[in-house]
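Here is what each chain is made of, one letter per residue.
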Amino acid sequence: MKLRAIPSTLVLVDGTDLHHDLIGAALALQEIVTEAGLPAARGVGVHRFADPMPATAEADVYVLYLSGPRFDPAEQQALADLVAAGKGLVAIHASNLFGFGPGGVEADRAGVDLVGSRYLSHGDAGSEGRFEVRVKAGHPVTRHLGDFAIDDEYYLIDCRPDIEVLAERDTPTGPQPIAYVREHGKGRVCYTALGHDPRAWGNPWFRQLVRQAVLWTAGVPEQDIETWSTRWPLGNGRFIDR
């Protein structure tokens, strides 16, 4: 039986790619979620959804920072079922690295269909740099955010047609999604391609985006998202109504 009166979050990291700092990501994301006013635990590993222990089963939102093709298909499906039943999911950066393990994309179909996209490449402009993020206003996840610049990795991703793009960046071949949301059964999903390392984790716009994504996927009422998520400085250095 759950004892908390407000939604709780579980930050999970896993992967084999040495280019991603799993420990740093877990600590940074836990701090960001706590800023949003939600209790946040953290853990290692995604082999936990098919037969979940209480810490996993009782979480209302899962925040994923994954960095390698080691997400078992049965666990992907179990996570998808949990979200379809009403859990929230916020997938960060390389958490859509599907199709690179045994069996290719079809082996990861449950994950692709849940998260809503899969990583393709960094593109032709190098792997990282500073770029402008163009924000689409009007959604609770992007409210109070304007366009901003960030130092991060470049991602090209292949997306499902049912996503709602909330932020994008320009590339020579057209706009690329940076953040989007989708519904999955009774649950909500938000993905952002941002969040490679401390340069992004410390960016106030990124932090605001993740705070509001967690609150929205948790099903927090829209008026409360504004109250909870804007107690910390926004990307423009101001607080709401100050």
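Keep in mind that this is a model prediction, so the values were computed, not measured. (Residues numbered from 1 in each chain as written. Predicted model: local features only at pLDDT ≥ 70, side-chain atom pairs only at ≥ 80, totals over all residues. Heavy atoms only, no water.)

Asker: What is the right way to look at the pattern of salt bridges in this model?
Answerer: Applying the stated criterion across every chain yields a total of 15 salt bridges. Of the charged contacts, one joins arginine 211 and glutamate 35 as a salt bridge, the two residues approaching to 2.7 Å between their closest N and O atoms. Placement of arginine 211 in helix H7 (residues 204-217) and of glutamate 35 in helix H1 (residues 22-35) is noted, with a sequence separation of 176 residues between them. No difference in accessibility class separates arginine 211 from glutamate 35, as the two residues are buried. Here aspartate 170 ties to arginine 134 by a salt bridge, and the two come within 2.9 Å at their closest N and O atoms. Of the two residues, aspartate 170 sits in strand E9 (residues 164-171) while arginine 134 sits in strand E6 (residues 128-135), which places them 36 residues apart along the sequence. Residue class for aspartate 170 comes out exposed when judged on its relative accessible area of 55%. Each of the salt bridges in this network shares a partner with another, and the network as a whole consists of Glu106, Arg109, Asp113, Arg160, Asp162 and Arg182. (Salt bridge = Lys/Arg side-chain N within 4 Å of Asp/Glu carboxyl O. Helix = DSSP H or I, 4+ residues; strand = E, 2+ residues; numbered from the N terminus. Buried < 20%, exposed > 50% of the residue type's maximum accessible area, 1.4 Å probe, protein only.)

Asker: Sorry, what's going on with the packing of H1 against H7 here?
Answerer: Between H1 and H7, the shortest axis-to-axis distance is 9 Å and the interhelical angle comes to 65°. Judged on the interaxial angle alone, H7 and H1 are roughly perpendicular. Viewed along their axes, H1 and H7 form a crossing whose handedness is right-handed. Judged by residue contacts, Leu29, Glu31, Ile32, Val33 and Glu35 of H1 engage Phe206, Arg207, Val210, Arg211 and Val214 from H7. Taken together, the residues of the contact of H1 with H7 break down into 6 nonpolar, no polar and 4 charged. (Axes fitted to C-alpha atoms, helices over the stretch in contact; angles between N-to-C directions. Parallel < 35°, antiparallel > 145°, perpendicular 65-115°, else oblique. Left-handed = near helix turned anticlockwise from the far one by under 90°. Contact = heavy atoms within 4.5 Å. Nonpolar A, V, L, I, M, F, W, Y, C, P; charged D, E, K, R; others polar.)

Asker: Can you help me understand the pairing of E9 in this one?
Answerer: Walk down a regular strand and you will see the side chains alternate between the two sheet faces. Pairing geometry for E6 and E9, over 2 bridges, is antiparallel. Bridge pairing links valine 135 to alanine 167 in E9. (Pairing = 2+ DSSP bridges.)

Asker: Help me out: how do you make sense of the environment of proline 198 in this one?
Answerer: Along the chain, the position of proline 198 falls in helix H6 (residues 198-201). The class of proline 198 is exposed, set by a relative accessible area of 55%. Through-space distance from the C-alpha of proline 198 to that of tryptophan 216 is 24 Å; in sequence the pair is 18 residues apart.

Asker: Quick question: what am I supposed to make of the packing of aromatic side chains here?
Answerer: Within a pair of aromatic rings, the relevant descriptors are the distance that separates the centres and the angle that separates the planes. Scanning the entire structure with this criterion turns up 8 aromatic pairs. Ring centres of phenylalanine 49 and tyrosine 62 lie 5.2 Å apart, and the angle between their planes is 75°; this geometry places the pair in the edge-to-face category. With a gap of 13 residues between them, phenylalanine 49 in the loop between strand E2 (40-44) and helix H2 (54-57) and tyrosine 62 in strand E3 (residues 61-67) connect regions that are remote in the sequence. By the burial criterion, phenylalanine 49 is buried, and tyrosine 62 matches it. Taken together, a centroid distance of 5.6 Å and an interplanar angle of 5° make the contact between phenylalanine 148 and tryptophan 205 stacked. Of this pair, phenylalanine 148 sits in strand E7 (residues 148-153) while tryptophan 205 sits in helix H7, placing them 57 residues apart in sequence. For the residue pair phenylalanine 148 and tryptophan 205, the accessibility class agrees, reading buried in each case. Chaining the aromatic ring pairs together yields one cluster made of Phe49, Tyr62 and Phe71. (Phe/Tyr/Trp six-rings, centres within 6.5 Å; stacked < 30°, edge-to-face > 60°.)

Asker: When you look at the side chain of glutamate 75 in this model, what are you seeing that I'm missing?
Answerer: Secondary-structure assignment places glutamate 75 in helix H3 (residues 73-84). Although glutamate 75 is buried, it makes no salt bridge; arginine 48 carries the closest opposite charge, 7.7 Å away. Side-chain polar atoms of glutamate 75 contact the backbone nitrogen of arginine 48, separated by 3.3 Å. Polar side-chain contacts of glutamate 75 include one of 3.0 Å to the backbone nitrogen of alanine 50. Those residues within four positions of glutamate 75 in sequence are excluded, and the remaining contacts are Val46, His47, Arg48, Phe49 and Ala50. (Lys, Arg positive; Asp, Glu negative; His and termini not counted. Polar contact = N/O pair within 3.5 Å; in protein donor to acceptor, adjacent residues only side chain to side chain.)

Asker: So what exactly am I meant to see when it comes to H7 here?
Answerer: Structural remark: α-helix, 3.6 residues per turn; residues separated by three or four positions point the same way. With 14 residues, H7 ought to run about 20 Å at 1.5 Å a step, and its terminal C-alpha atoms sit 20 Å apart, in line with that. The buried count for H7 comes to 13 of 14 residues, which makes it a mostly enclosed element. Between the side-chain oxygen at the start of H7 and the backbone nitrogen of tryptophan 205 there is a gap of 2.8 Å, and the oxygen is on asparagine 203. (Expected span 1.5 Å × (residues − 1).)

So far we have only geometry, and geometry alone does not tell us how the molecule works.
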